[in-house]
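Secondary and tertiary structure notes
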Amino acid sequence: MHLSRFPRIRFVHGPTPLEPMTRLSALLGGPNLWVKRDDCTGLAGGGNKTRKLEFLIAEAEAQACDTVITYGAVQSNHARQTAAAAARAGMKCEILLERRVPDMAQNYETTGNVFLGRLLGATVTYFPADHDMNAAAQETAGRVRAAGGRPYIIPGGGSSATGALGYVSCAQELLYQAHDMDLRIDHIVHATGSGGTQGGLAAGLQMMNSGIALTGISVRAEQAAQVANVFAIAEAVADKLGLKGVIDRASIVVDDGYVGPGYGRSTPEMVEAVTLTARHEGILLDPVYTGKGMAGLIGMIRAGRFGPDENVVFVHTGGSAALFAYEDEFA
Ligand SMILES: *Cc1c(COP(=O)(O)O)cnc(C)c1O
């Protein structure tokens, strides 16, 4: 496994910290909780997409592209980080936003990530819920080409095999940190959406024969669909790294019990998880991803899934910019 064979532009302020969450661990009665601070990747508010964009934007540059096109839900953290990465690389950025979440507050379409995406220079276009966003990206690419530009389409969440290299790299970084700290990691838990984070982590952990269990807490898809989605990405990135067929499907574990009424819609468990983590650790989670991911981790602890001496790492994938669009949910 040799990540330096792939073009990469360094955006991440890394390695991101791996910190103990002692007060939250004590509150929940163990195991030993740790947090991998990928909310601190450093690019315009940070988050997990920055790791993927190191490889994606480098690929766009290698193909002499001048315009990046991507899409997501209205409060997409991925769109914000893509706008920032494009600005750093001197490329134009087209953001296509799907109105996926119904019944949101007045400021949902203007504050948080939307405001920041515009501030970072991206052009923002809205589409109705369930619109074919891949088709919309292709149409936008056609218009860019017709105007003499060279478009590069980044799929939703940056979850292509190229993007997932960022999380293979994170798995490597985490194991080096654990080694330096003499920390035996037993389990990793994080929020899973478009699947590139889990796919890259699963592939990296497996290719290094880590023996660490990995659980993705789904924020959208039901379990079987998300396992299939993550497995496909893990296989594709392993293949890209020259290790075809090494991914064990049984290692792809997804819990879909914390989605609630749907993507981006709040649940009491999410509100509890965000509030507890803020008040006991001084860490800001987000309402769409990490709040549900942490709710899943708390649910696993309460269900007795871990021994008291186990070391469990929560990957904080970012997203706190979206909190401002959800103020009413925390009233
Ligand atoms: C996109 C995102 C995720 C999910 O990562 P995927 O690679 O899309 O599964 C988790 N947390 C935050 C804050 C995100 O923005």
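Preceding block: the structure.
Okay, so let's go over this structure.

Definitions and cut-offs
Residues numbered from 1 in each chain as written. Predicted model: local features only at pLDDT ≥ 70, side-chain atom pairs only at ≥ 80, totals over all residues. Heavy atoms only, no water. Phe/Tyr/Trp six-rings, centres within 6.5 Å; stacked < 30°, edge-to-face > 60°. Helix = DSSP H or I, 4+ residues; strand = E, 2+ residues; numbered from the N terminus. Buried < 20%, exposed > 50% of the residue type's maximum accessible area, 1.4 Å probe, protein only. Near = heavy atom within 4 Å. Polar contact = N/O pair within 3.5 Å; in protein donor to acceptor, adjacent residues only side chain to side chain. Areas by Shrake-Rupley, 256 points an atom, 1.4 Å probe, with all protein chains shown as cover. 1 Å grid on protein atoms, 1.4 Å probe; cavity = no way out; pocket = protein on both sides within 12 Å on 5 of 7 lines; lining within 4 Å. Sits in = over half its atoms within 2 Å of the grid points. Nonpolar A, V, L, I, M, F, W, Y, C, P; charged D, E, K, R; others polar. Contact = heavy atoms within 4.5 Å.

Description of the packing of aromatic side chains
Scanning all chains against the criterion turns up two aromatic pairs. Between Y108 and Y326, the ring centres sit 6.1 Å apart and the planes meet at 80 degrees, which makes this aromatic pair edge-to-face. With Y108 in the loop between β4 (92-98) and α4 (112-119) and Y326 in the segment after β10 (311-316), this residue pair connects regions lying 218 residues apart in the sequence. Of the residues examined, Y108 reaches a relative accessible area of 4% and is grouped as buried. Under the relative-accessibility criterion, Y326 is labelled buried at 1%.

A short note on the site of the ligand
Taken together, 17 residues surround the ligand, and among them K49, K52, S194, T197 and T317 come closest. N48 places a polar side-chain atom, nitrogen or oxygen, 3.0 Å from an oxygen atom of the ligand. A distance of 2.6 Å is found between an oxygen atom of the ligand and a side-chain nitrogen or oxygen belonging to K52. Considering the ligand on its own, with 380 Å² of exposed area, one finds that the protein chains cover 98% of that surface. Judged by its atoms lying within 2 Å of the grid points, the ligand is housed in the largest pocket. At the level of secondary structure, the elements contributing two or more residues to the shell around the ligand comprise α2 (49-62), β7 (187-192) and α7 (196-207). Tallied by class, residues from the shell around the ligand come to two nonpolar, twelve polar and three charged.

A look at the environment of E19
Position of E19 relative to the elements: it lies in strand β1 (residues 18-20). Judged by its relative accessible area of 29%, E19 is partly exposed. For E19 and R302, which are 283 residues apart along the polypeptide, the C-alpha to C-alpha distance reads 22 Å. Each residue touching E19, except ones within four places of it in the same chain, is listed here: L33, W34, V35 and R37. Within the local environment of E19, its side chain forms a polar contact with the side chain of R37, the two groups lying 2.9 Å apart.

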